[in-house]
Each structure stands twice: as structure tokens, then as C-alpha cells.
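Coordinates in review
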Amino acid sequence: RARNTNRAGLFVPIDLRLGECCVSRSTSDQRSVTEACVCIQRTTRTRALPPRQRILAKCIQQHELIMDLKDRKNRGSSADLADVPLEYVATDPDGTQTTLHGYVVMAKQSSESFVGHSSERPGVLVVHTGVGPHEEFLRERTRQVARQGYLAFAVDMFGIKDTMPSKAQKEALMTRFREPSAHLMRARLRSAIHALRNFSHESIKVDPLRLAAIGYCFGGTCAMELARMAEKGVRACVSFHGVLDGEPNSLDIQEIQADVLCFHGDKDPFVSQAQLERFERDMKRRNPKSLRIVRFEQCMHGFTRPDKTSPEDASSGMQYDYNASEISWSDTCALLHKALILS
């Protein structure tokens, strides 16, 4: 490893073997720099340098990208984002037509050097928790993705317009989504992929071969199921404190084409150790492009949610953890950049 401290006081360990940059956040600039953890594409020029000069060149590249991403985030306020409603119809396994109410958030102007073509951008599905797609937490997470230059699609899995489900509605929906072969979940995810591929707004389109999905809690379960579906063009799937479902009761064992990244709190009461082991076993037998399961030892469920800080939240098994939230987001930014931009 090479080590470098840049002008902003950030400690930057560089792994030359993996070509990755991991940024330790300083207390004075914690949030804006977490998105600077990106994978660096090696160049012929740096490979040709002697070892010590190559290390220095890597440090310079990392520093320039950190500064660029910091500037991009500072420019990417909510006023620079467009929020476009996207209604679409899913055909459920029983033949029922269900109207779903998602929305797409995107930067009004996009850096061509970042996304390749300003008129065709990579798309990222953001799948909600059991609360639904209309809570502020999910909206902010969708905006975070959009600030990176992607078309961020807040998927609706429930079909309840402009509001969050009641307790009875949520229980009924979760019962249907828990069926072992995941037919309903797959049908609605497939309809979301189709809707995003066909999205167009003011000449901005999605690149159908550069797609990814991230999800929280129930949405993490959905993101992992989307990986299992091996949909064309889906290059990365990420779960944040997902309710991991072990080995589905299905004979449909397809090879996963995407990179799979899963963040899990070891004190999550909703996922047992046996479930986690079954999930890992199921993922490995599907041979994903890459598989990484990050376990946070002292974290509970919902560690990315800043609103979960009370003793009552902790007693229900949910607790925000700043470090886990920031690390998981940085790693996700790195994976999306690698899968959707550099590949």
C-alpha cells in the first residue's frame, strides 16, 4: 500500500494491486468526501513508470478525482435535480394489472466525462423499505444517487400512490412478497426494469446496458432477487441491511451476471446467522461476477437511517450508525463507478 495525505487533510491509502482508493474522512469534511471513494482505471502511462513514480502518479490521480467529486457534489444541490414522476403497469402472477407510482431523479446537466454521453445515462434502481417509496429517507437516497450523474429511479413495489401503506396494507403486501418462489417480487422488478429502459425526458434517456440496483431493508431483498434474475444490462446489485432470504425454493438457478455487494449488521435481529450463511451459499452457487458481503460487527438493522437513534428504535432492533452508513455509501459509489462507468 502507498499512503498519501492530500491538501484537504485526507488520509488516502492506495491499493495498487486492486486499483482502489479508500478515503478516511476528517472530522472537518466528513460528508462531502465520502463519495470520493472510487475505483481508478489504470492507464498504460502509469503502468510504464518505475514503482515509486507509479505510486506518486496514483496519488496524484486519486487527489484529482477526490477534488473533482467534491466539486461535483457541491454543485449538485436539490435545485440542480429534476424529479420526474414515472407511472408504469406490472402484470402480477395472478394476471392482475397493478399501476405502480415511481419517480426518476436526475441531474439537469450531466458531466460528459463522467457518464460518457449526456443524452444517455446509466440508470440505478433505488428500491424502498417496507415503508414504501414516498418517505423522505428514500427520496434523499434517490437524490444522492442522482447527484453522482446517474438516472436514479425510485421503484414502487407496492402500488399505493402518494402515501405510505397502513399497517394492515403493509402486512398483506409482505405476506405476498414472502412466498418462496418470489413470483410477485420478480414480476414487479421486471416491470420496473422495463419502465426504466423506456424512460425518456427532454432528450435524456437511460443506457439499457448500464443498469444497477440498490435497496434498503425490504429493498435490499429485492436488489438481491434482481441479481438472481440475471437481467440483461444489470451490472451491479447492492443491499443495505436487507432482509436476506437464504435459498429460494426455486429450480431457476441462473448464473448471476452482476457484481453483488451486501452490507449487513451482525446485530440485525431480522437476519439470523443461519439465514446469512444460506444466503451466502446461494449467492456463491450462482457464481456472480463478484461477491462481497460486508459485516458490521456492532450494527443493528437500519444502520443507514439517521432517524433511527432513540432507545425505542434500539429496542425494536434498529439503530443508525454513522460510520457504517458512510462506509457502505462510499463502497457503493465505488462499485457503481466501476460497473457503470469504467467497465
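Residues numbered from 1 in each chain as written. Predicted model: local features only at pLDDT ≥ 70, side-chain atom pairs only at ≥ 80, totals over all residues. Heavy atoms only, no water.

**Let's talk about the confidence of the model for the protein chain**
Stated precisely, the cut-off is as follows: pLDDT: the predictor's confidence for each residue, scored from 0 to 100. Contacts are assigned to residue pairs that have any heavy atoms within 4.5 Å of one another.
For the protein chain, the average pLDDT comes to 80, and 72% of its residues sit at 70 or higher. Every residue in residues 1-47 is under pLDDT 50, and counting partners more than four places away or in other chains gives 120 contacts. Note on residues 66-75: pLDDT is under 50 here. Beyond four places in sequence and across chains, it has 22 contacts.

**A short note on the layout of surface pockets**
Stated formally: Definitions used throughout: a 1 Å grid over protein atoms alone; a cavity as a set of points that fits a 1.4 Å probe which cannot get out; a pocket as an open set with protein on both sides within 12 Å along at least five of seven lines; a lining residue as one with an atom within 4 Å of a point. Grid points are joined across faces, edges and corners, and a volume is the space filled by probe spheres set on the points. In DSSP terms, a helix is any run of H or I states spanning at least four residues, a strand is any run of E spanning at least two, and both are numbered starting from the N terminus. Think of it as three bins: nonpolar holds Ala, Val, Leu, Ile, Met, Phe, Trp, Tyr, Cys and Pro, charged holds Asp, Glu, Lys and Arg, and polar takes everything else, Gly as well.
When its volume is computed, the largest pocket comes out at roughly 720 Å³. In terms of lining residues, the largest pocket is bounded by 30 residues, among which Met-174, Arg-178, Cys-217, Phe-218 and Val-243 are the most central. Sorting the residues of the lining of the largest pocket by element identifies α6 (167-177) and α8 (218-229) as the ones contributing at least two each. Per element, the largest residue contribution to the lining of the largest pocket is 4 residues, and it comes from α6. The class makeup of the residues in the lining of the largest pocket is 13 nonpolar, 8 polar and 9 charged.

**A word on the packing of aromatic side chains**
Applicable threshold: The pairing test for Phe, Tyr and Trp rings, Trp by its six-membered ring, is centres within 6.5 Å, and the orientation test on the planes gives stacked under 30 degrees, edge-to-face over 60, and tilted for anything in between. Only protein chains enter the area calculation, which uses a 1.4 Å probe; residues under 20% of their type maximum are buried, those over 50% are exposed, and those in between are partly exposed. Each ring is checked for a lysine NZ or an arginine CZ that lies within 6 Å of its centre and within 35 degrees of its normal; such an atom marks a charge sitting over the ring.
Under the criterion given, the structure shown has 9 aromatic pairs. Seen in terms of ring centroids, Phe-158 and Phe-218 are 5.7 Å apart; in terms of plane orientation they differ by 35°. Their pairing is tilted. With Phe-158 in the loop between β7 (151-155) and α6 and Phe-218 in helix α8, this residue pair connects regions lying 60 residues apart in the sequence. On the basis of relative accessibility, which here comes to 6%, the residue Phe-158 falls in the buried class. Phe-218 sits in the buried class, given a relative accessible area of 6%. Three or more aromatic residues joined by ring pairs form one cluster here, namely Phe-137, Tyr-216, Phe-240, Phe-263, Phe-296 and Phe-303. Here the basic side chain of Arg-139 rests over the ring of Tyr-103, its NZ or CZ set 4.4 Å away from the ring centre. Directly above the aromatic system of Phe-137 lies the positively charged group of Arg-305, at a separation of 4.4 Å from the ring centroid.

**Describing the nonpolar core**
Counted only if it meets this: By convention a nonpolar core is built from buried Ala, Val, Leu, Ile, Met, Phe, Trp, Tyr and Cys residues, the set being connected through side-chain atoms within 4.5 Å.
The biggest cluster of nonpolar side chains holds 50 residues, and the ones touching the most others in it are Phe-153, Met-157 and Phe-177. Excluding anything up to four places from it in sequence, Met-157 contacts Leu-100, Val-127, His-128, Phe-177, Met-185, Arg-188, Leu-189, Phe-218 and Cys-222. Counting residues in each nonpolar core, the second largest holds 32 residues, with Phe-137, Tyr-150, Ala-152 and Ala-324 among its members.

**Looking at α6**
Here is the rule we go by: Arc definition: directions from the helix axis to the C-beta atoms.
The set of residues buried in α6 consists of Leu-173, Met-174 and Phe-177. Projected onto a plane normal to the axis of α6, the buried residues spread over an arc of 100° and lie on a single side. Structural note: α6 exposes Ala-168 and Thr-175 on the side pointing more than 90 degrees away from its buried face.

**Re the pairing of strand β11 (residues 259-265)**
Regular strands place side chains that alternate from one sheet face to the opposite one. The test is simple: Pairing between strands is defined by DSSP: at least two bridges between them are needed.
With 7 of 7 residues buried, β11 is to be regarded as a mostly interior element. Of the two faces of β11, the one lined by Asp-259, Leu-261, Phe-263 and Gly-265 and the one lined by Val-260, Cys-262 and His-264 are each fully buried. Here strand β10 (residues 234-240) pairs with β11 via 5 bridges, running parallel. Within the sheet, the bridge partner assigned to Ser-239 lies in β11 and is Cys-262. In terms of strand pairing, β11 meets strand β12 (residues 290-296) through 7 bridges, oriented parallel. Along β12, the bridge assignment pairs Gly-265 with Phe-296.

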